[in-house]
Each structure stands twice: as C-alpha cells, then as structure tokens.
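If you want the building blocks of each chain, they are given just below.
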Amino acid sequence: MWLGGCDGTVIRTADGGDSWVDVSPPNTAGLQFRSIVGLDDLTAHAMACGPGEGARVYRTDNGGSSWHLSFQATDPELFLNTVAFLDPDSGFAVGDPIDGAFAIVRTSDGGRTWSDTGASAPTALIGDGLFAASGSCLVVADGVVWIGTGGAEHARVLRSTDGGSSWQSHETGLPSGVMTGIFGLAFADAERGIAVGGNHNDQGASHSAVAFTTTGGQEWTIPTLEESRGLPCGFRSAAAFSPIDPDTIVVVGPGGSEYTTDGGGSWHALGDGFDAVEVAPDGTFWASGEHGRVARLELL
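Okay, so let's go over this structure.

Quick notes on the sheet that holds strand β10 (residues 101-107)
And step 1. Taken in spatial order, the 4 strands of this open sheet run β8-β9-β10-β11, and their pairing is antiparallel. Edge positions in the open sheet fall to β8 (80-85) and β11 (115-116), since each of these has one partner strand only.
And step 2. Sheet topology places β8 next to strand β9 (residues 91-98); 5 bridges connect them, and they run antiparallel. Residue Val83 lies in a different strand from β9, and its bridge partner there is Ala93.

Structure follows, in structure tokens:
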C-alpha cells in the first residue's frame, strides 16, 4: 500500500497498515504527490501535480529505496491531476486544458518514459478543468479509460475504449461551475460506475453528490433522497467499489463518508471525513485525509 501527500511525501506499508515507512523521492520538498499507482509491492508511480516543472512522475521498482524521475513538464501551463495504468505497460497522466484540449501524457513502457498524445487529447469546454483533490478524476477498468470534468457548464465524463486514441463525451447531470463538478470516478467493470463531486465551496448543499451508470459512462442517473435512504449529499471527492461485491461502495469527502451494500439503495454514515479512498484486492477499503490521517475499513 502506497500513499502520497504534500512536501514531497510518499509512505508505504508492507504489513497491512500496522507500520509505515517514509520512502519519499529525494529532493522533492514542496511537491504535492496527488496520485500514486502501486502496480505491486515493489513497483509504483508517484505523480506530482505541478504547475510547469513541478508536474512530474517518479517511478520505483524497489519499494521506494530509489526513484527515477520519468517525466517532468517543460510547458509552464501544464498542471497534472492524476495518473492511471491500463496494464503494467500502458499508462496515462491527465492535466487541465491547454489551448482548448485536456493535456494527456502517456507511457507504453511501464512508466520509464512518457510522451504527449497531441491530437488525441479530448476537447475541453469553456471553463473546463479537472480536480486533483482525490487523484481519481481519471480511472481505468477492463480496458476502458474515463475522465471526470468540472468547472464548465456541464459536468462530463470523457470515455475512451481504444486506449486514448479517441474520446466520447457524456453529460452526467451533476452540478458544474466554479470549483464544482466531478471530483472522483470509480468503476466496478466496463459498464458499472459512480461519479461523485459537487461544489467544493458549498460542501453542505442539499443536492445529491453521486451519479450512477450501468452503460459504461454513456448514460447517468442521479438518485433522489426519496429513492436512496441516507444518500450522500453536498460534496464528496472519491468513491470505490468492492472487488468482491460490486453492490458495496464507499464514498468519502471532507464533510463525511458513507457506504452502501445494496448498490446505492441505502447508505450508512461512517462519520469521519476523508479526501480519497481506494480498495485492496481483499476488499479492504483505505481512506486518507488531511493532517496525514489514514483509515482502514473492513466491511464484514
């Protein structure tokens, strides 16, 4: 398990969270590691968000004993938001729009080198942007890539089924605008997914913070309070499906966290607020938040 944070911090546990080791890359003070992909116990990619030369990706293949700077932006406008891998060789890092298109860099050699995708980058709307709050505005599952957007007139999900060569745009119906939109995505498979977000500056709003899809992100449904007991409302920043039971989903945000075991028909409060959540292959959910907090949730 790997975690990243402010001031160039990367930590790792090899014993289920009982102890943690600081494996931060050297000379990274001041960087914000907003997204980390751990491919196995020894191999991981840590992404710093930027802007400009601060937008970087580091790679380790020895558990963090040493790191290789595999990407560093040369464009001062580039601001990366998150990184994800389709498989051990193919990965993407996505950034805010530059000249009307979302910035995407990709790797085909396991993150050893990265290149700009150029013309294949998806088109942005006026005001469009991405949110690096949870590192989950870009996700992959079963060969499909999704990007969640915000800031513009519509909160959209951009979807690619051909490895990022082409993209389709689908509106979700979630609120969008200044600091408002999709902050996190999660997919159980190529069809079933959830988008979470809202207004970061009005976290207690009464509207639903979640939208669901069963069509791979092409169509979205926003549940109402009448349809979903205990529905997460206001603002939520990340979600995760259980790999054991896709009806079990955890949603987190700074103002509170919830889980469902019936696919969203009813929700149960978890109390504490967190910024990000991931799930291990054994079904254990991990959440992280401000001030270096890490929590492990085991739903029995």
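The structure having been displayed, the exposition proceeds.
Digging into the state of the cysteines
And step 1. Scanning the entire structure with this criterion turns up 0 disulfides.
And step 2. Left without a disulfide partner, Cys6 is nearest to the cysteine sulfur of Cys49, which lies 8.3 Å away.
And step 3. Under the relative-accessibility criterion, Cys6 is labelled partly exposed at 48%.
And step 4. By relative accessible area, Cys49 is classed as buried at 2%.

Considerations on the nonpolar core
And step 1. Membership of the largest hydrophobic core comes to 16 residues, with the highest contact counts inside it found for Phe71, Leu78, Leu80, Val83 and Trp114.
And step 2. When residues of this core are traced back to their parent elements, those giving at least two are β5 (44-49), β6 (55-60), β8, β9 and β10.
And step 3. For this core, the element with the most residues is β8, which contributes 3 residues.
And step 4. Those residues in contact with Leu78 that sit more than four places away from it in its chain are Pro51, Gly52, Ala55, Phe71, Ala73, Ile98 and Ala103.
And step 5. Residues Ala141, Trp146, Ala190 and Ala211 belong to the second largest nonpolar core, which totals 14 residues.

Observations regarding the packing of aromatic side chains
And step 1. Summed over the entire model, instances satisfying the criterion amount to 8 aromatic pairs.
And step 2. Ring geometry for Trp146 and Phe187: centres 3.6 Å apart, planes at 5°, overall stacked. You can see Trp146 sitting in strand β13 (residues 144-148) and its partner Phe187 sitting in strand β16 (residues 180-187), a full 41 residues away along the chain. With respect to class, Trp146 is no different from Phe187; both count as buried.
And step 3. An angle of 85° between the planes, with centres 6.3 Å apart, marks the rings of Phe187 and Trp220 as edge-to-face. Highlighted residues: Phe187 in strand β16 and Trp220 in the loop between β18 (210-213) and β19 (238-241), separated in sequence by 33 residues.

Calculation rules
Residues numbered from 1 in each chain as written. Predicted model: local features only at pLDDT ≥ 70, side-chain atom pairs only at ≥ 80, totals over all residues. Heavy atoms only, no water. Pairing = 2+ DSSP bridges. Helix = DSSP H or I, 4+ residues; strand = E, 2+ residues; numbered from the N terminus. Disulfide = S-S within 2.5 Å. Buried < 20%, exposed > 50% of the residue type's maximum accessible area, 1.4 Å probe, protein only. Core = buried A, V, L, I, M, F, W, Y, C linked by side-chain atoms within 4.5 Å. Contact = heavy atoms within 4.5 Å. Phe/Tyr/Trp six-rings, centres within 6.5 Å; stacked < 30°, edge-to-face > 60°.

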